[in-house]
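Below, each chain spelled out in residue letters.
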Amino acid sequence: LFFTAITITGEASIGLARSLDGSTFFDTTQVVRIPRDIYPANDNFLGLSTPDATLVGDTIYLFTDIVRPDAFNEWNQIGLHQFKSYGDINKWYHDTLPIHIRSDFPWTDGNFNAAIWGINPLLDGNRLRIWYAGNNISSIDTSVFPNDTTNNVYFIGNELHVNAGFWGIGTSEYVFPNMTTVSEMSAGNKNITIHPNPTSGQLSISLEGAFTGSLRVLNSLGQVVFKDDFEAVTELNLSLDGPSGLYFIQLEIDGELITKKVVKE
């Protein structure tokens, strides 16, 4: 269970509580805070809110809103951000850019309390889809109505209605290539050791016996980032040059595909 936690100073972060039965929760901890290298405090970013998560293989994709106050609102969700955990809830990695911010779309690029928030992910086969709400109420003339918070809604009797073109639901998606290739397979009777794991980038792959085959390295999205052939070797040395995260080392030996998981810290 991911939740928003707010300090008395107003900074918001994301917490996590776990349960085995859905009613008794334990191990409550803070998991992610707003990345200050991307959203500095001197730009008035308050933190993160409204988390939602989905599991893809061993990777948890955690989505949150980015909170920053506006001139007329002390709490405004102005963007969406993504974090990842590769099988260890105590280690989280963040993207270097927001998924979306309100200026990405005409319907959320208002200058008065416009927002984009409430992200909901769904894994549909190899397609990760997200939905989010947003509004654009830039037509409010704040010089004439500085305290106008009608948010482009109106009543018909007791029913609340929204002005068309100012509120909406957006959707985006990402397709994971080759997802079926990144599950760990049995190594059969071939004793293969990869060390160190986790690694800072340098890997040694030891084979019990001299084998000929091919090597591929895939990132957490199933994309091939390195490939090579080898002949009659007992050890392979490899340098992971990509960013921190989960990788899959694939060896094809004697027609058998063997996949091992490696975490780069």
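Whatever comes next refers back to the structure up there.
Criteria and cut-off values
Residues numbered from 1 in each chain as written. Predicted model: local features only at pLDDT ≥ 70, side-chain atom pairs only at ≥ 80, totals over all residues. Heavy atoms only, no water. Core = buried A, V, L, I, M, F, W, Y, C linked by side-chain atoms within 4.5 Å. Buried < 20%, exposed > 50% of the residue type's maximum accessible area, 1.4 Å probe, protein only. Helix = DSSP H or I, 4+ residues; strand = E, 2+ residues; numbered from the N terminus. Contact = heavy atoms within 4.5 Å. Phe/Tyr/Trp six-rings, centres within 6.5 Å; stacked < 30°, edge-to-face > 60°. Salt bridge = Lys/Arg side-chain N within 4 Å of Asp/Glu carboxyl O. Pairing = 2+ DSSP bridges. Axes fitted to C-alpha atoms, helices over the stretch in contact; angles between N-to-C directions. Polar contact = N/O pair within 3.5 Å; in protein donor to acceptor, adjacent residues only side chain to side chain.

## Considering the nonpolar core
Phase 1: Ile205, Leu207, Phe230, Ile249 and Leu251 are the most contacted members of the largest nonpolar core, which totals 19 residues.
Phase 2: Elements with a minimum of two residues in this core: β14 (192–195), β15 (202–219), β16 (224–239), β17 (245–253) and β18 (256–264).
Phase 3: Counting residues per element, this core draws most heavily on β15, which supplies six residues.
Phase 4: When residues no more than four places from it in sequence are discounted, the contact partners of Leu207 are Asn191, Ile192, Phe230, Val233, Thr234 and Leu251.

## Some details on the packing of aromatic side chains
Phase 1: Within this structure, the stated rule accounts for five aromatic pairs.
Phase 2: Ring geometry for Phe2 versus Trp92: centroids 6.0 Å apart, planes at 90°, classification edge-to-face. One end of the pair, Phe2, is in strand β1 (residues 2–6); the other, Trp92, is in the loop between β6 (77–86) and β7 (93–94), and 90 residues separate them in sequence. The same class applies to Phe2 and to Trp92, which are both buried.

## Description of the pattern of salt bridges
Phase 1: Applying the stated criterion across every chain yields a total of seven salt bridges.
Phase 2: Put simply, Arg18 and Asp27 hold a salt bridge, and the shortest N to O gap is 2.5 Å.
Phase 3: Put simply, Glu11, Arg33 and Arg36 are held in one network by salt bridges that share partners.

## Quick word on the pairing of strand β4 (residues 47–56)
Phase 1: Relative to strand β5 (residues 59–67), β4 runs antiparallel, the two sharing eight bridges. Directly across from Val56, in β5, lies its bridge partner Thr59.
Phase 2: What sits between β4 and β5 in their antiparallel hairpin is a turn of two residues, with Gly57 showing a positive phi close to 65°.

## Digging into the sheet that holds strand β9 (residues 115–124)
Phase 1: Sheet architecture is open: three strands sit in the order β9-β10-β13, paired in antiparallel fashion. Every other strand in the sheet has two partners, leaving β9 and β13 (167–175) as the edge strands with one partner each. Neighbour to neighbour, the strand axes of the sheet diverge by 20° on average, direction disregarded.
Phase 2: Sheet analysis places β9 next to strand β10 (residues 127–135), joined by eight bridges and oriented antiparallel. Residue pairing in the sheet places Trp117 in a bridge with Ala133 of β10.

## Quick word on the side chain of Asn76
Phase 1: As for its position among the elements, Asn76 is in the loop between β5 and β6.
Phase 2: Judged by its relative accessible area of 3%, Asn76 falls in the buried class.
Phase 3: One polar contact links the side chain of Asn76 to the main-chain carbonyl oxygen of Ala114, over a distance of 3.0 Å.
Phase 4: Leave out the neighbours within four places in its chain, and Asn76 touches Ile66, Val67, Arg68, Asp70, Arg102, Asn113, Ala114 and Ala115.

## What about the side chain of Ser214?
Phase 1: For Ser214, the position within the fold is in strand β15.
Phase 2: Contacts of Ser214, omitting those with residues within four sequence positions, involve Asp228, Asp229, Phe230, Gln250, Leu251 and Glu252.

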